[in-house]
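Structural description and commentary
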Amino acid sequence: MASFGAPVHPVRHAEMWLSGATYVGVDGYRIFGDPWRQWDVWLEWDPYRHAAGLRSTRVHLSSGDGTPGPLDGEEPDPHIPGTEKWVALADERVVSVTEAVCGEETRLLGARLKELGAPVTTRIHPGTHSGTYGHRELRVALPTLVDALRPAGPGPR
C-alpha cells in the first residue's frame, strides 16, 4: 500500500477535504456524507482508524510539508475557498496548506503504524501538491508495490 500526499486521516480535517472536493467540482458530501451527521461513515473510511488492520502490510507513506521544495514551479498553489482557517493557522513558511495538512496526517498515520509494529516507511519532504514529487515517490515505493502483487507462498516469485 502507498500514499502520496493524500488525506490519510480525513476526519481530522473534514472541512478541508470538503472544500477541496468542491474546488475540483466534486460534491464532497456525496463521497462520505455529511461529516457532522454521518460521522460513523467518515470514521469507517479513515485509514488512521483502521491502522491495526495494516500491521502485516508493507506501507509507504509520503507527503510534502507544504513549504516550497526543489520540484515546485513558480506558480503558487491556488487558493481553495473554505480553507481560510487552515491558512490562518499554518506556519508562515507554508505555501500549500492542503499539502501541509496531508503532511500532518501522513506523520500521524506513520507514527500510529510504527507504534503497532507495522512495516511502514514514512517520507515527509519540503514541497507542495504541485511539482513531480508523486513521480519521485512512486519510484521509491515501486518495489514495495510490486512485491505486494506477487503471490504468497511456495512457488516462483
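Reference entry: report on the structure contained in this document.

Criteria and cut-off values
Here the residue index of a chain counts from 1 through its sequence in written order. For a predicted model such as this one, the threshold for reporting local features is a pLDDT of at least 70, and the threshold for listing and counting side-chain atom pairs is 80 or more; totals across whole chains, interfaces and linings nevertheless cover every residue. The basis for every side-chain value is the complete set of heavy atoms in the structure, and neither hydrogens nor water enter the calculation. Elements are defined by DSSP. Helices are runs of H or I of four residues or more, strands are runs of E of two residues or more, and each kind is numbered from the N terminus. Radius of gyration means the value over C-alpha atoms here, while the globule rule gives 2.2 Å times the residue count to the 0.38 power. What makes two residues a contact is simply this: any of their non-hydrogen atoms within 4.5 Å. For the purpose of charge, His is not counted, nor are the chain termini; Lys and Arg are scored as positive and Asp and Glu as negative. Working definition for charges: the position is that of NZ of Lys, CZ of Arg, CG of Asp or CD of Glu. Here, strands pair whenever DSSP counts at least two bridges between them. For helices, the axis comes from a line fit to the C-alpha atoms of the stretch in contact; other axes are also lines fit to C-alpha atoms, and the angle between any two N-to-C directions lies between 0 and 180 degrees. Any carboxyl oxygen of Asp or Glu that lies within 4 Å of a side-chain nitrogen of Lys or Arg is treated as forming a salt bridge with it. The rule is simple: take the accessible area with a 1.4 Å probe, protein chains only, and divide by the maximum for that residue type; under 20% is buried, over 50% is exposed, in between is partly exposed.

Here's the deal with the overall build of the chain
When helices and strands are counted, the chain shows six helices and three strands. Reading the helices (α) and strands (β) of the chain from amino to carboxyl end gives β-α-α-α-β-α-α-β-α. A compact globule built from 157 residues should have a C-alpha radius of gyration of about 15 Å, and the chain, at 17 Å, falls within 12% of that. Excluding contacts between residues fewer than 6 apart, the proportion of contacts in the chain whose partners are at least 24 apart in sequence is 78%. Charged side chains in the chain number 16 positive and 20 negative. The centres of these two groups are separated by 10 Å.

Thoughts on the sheet that holds strand 2 (residues 59–64)
On the basis of which strands lie adjacent, the open sheet formed by three strands has the order 1-2-3 and parallel pairing. Two strands lie at the open edges of the sheet, namely strand 1 (2–4) and strand 3 (120–125), each paired on one side alone. Sheet twist, expressed as the average angle between the axes of neighbouring strands with direction ignored, equals 5 degrees. Taken strand by strand, helix 6 (residues 133–149) contacts strand 1, strand 2 and strand 3, and its axis lies near 175 degrees from that of strand 1.

Comments concerning the pattern of salt bridges
A full pass over the atoms with the stated rule returns nine salt bridges. Of the charged contacts, one joins Asp34 and Arg37 as a salt bridge, the two residues approaching to 3.8 Å between their closest N and O atoms. Take Arg37: its relative accessible area is 73%, and that puts it in the exposed class. Between Arg136 and Glu137 there is a salt bridge, with its nearest N and O atoms 3.5 Å apart. The class for Glu137 is buried, based on a relative accessible area of 1%.

This is a description of form; function is not addressed.
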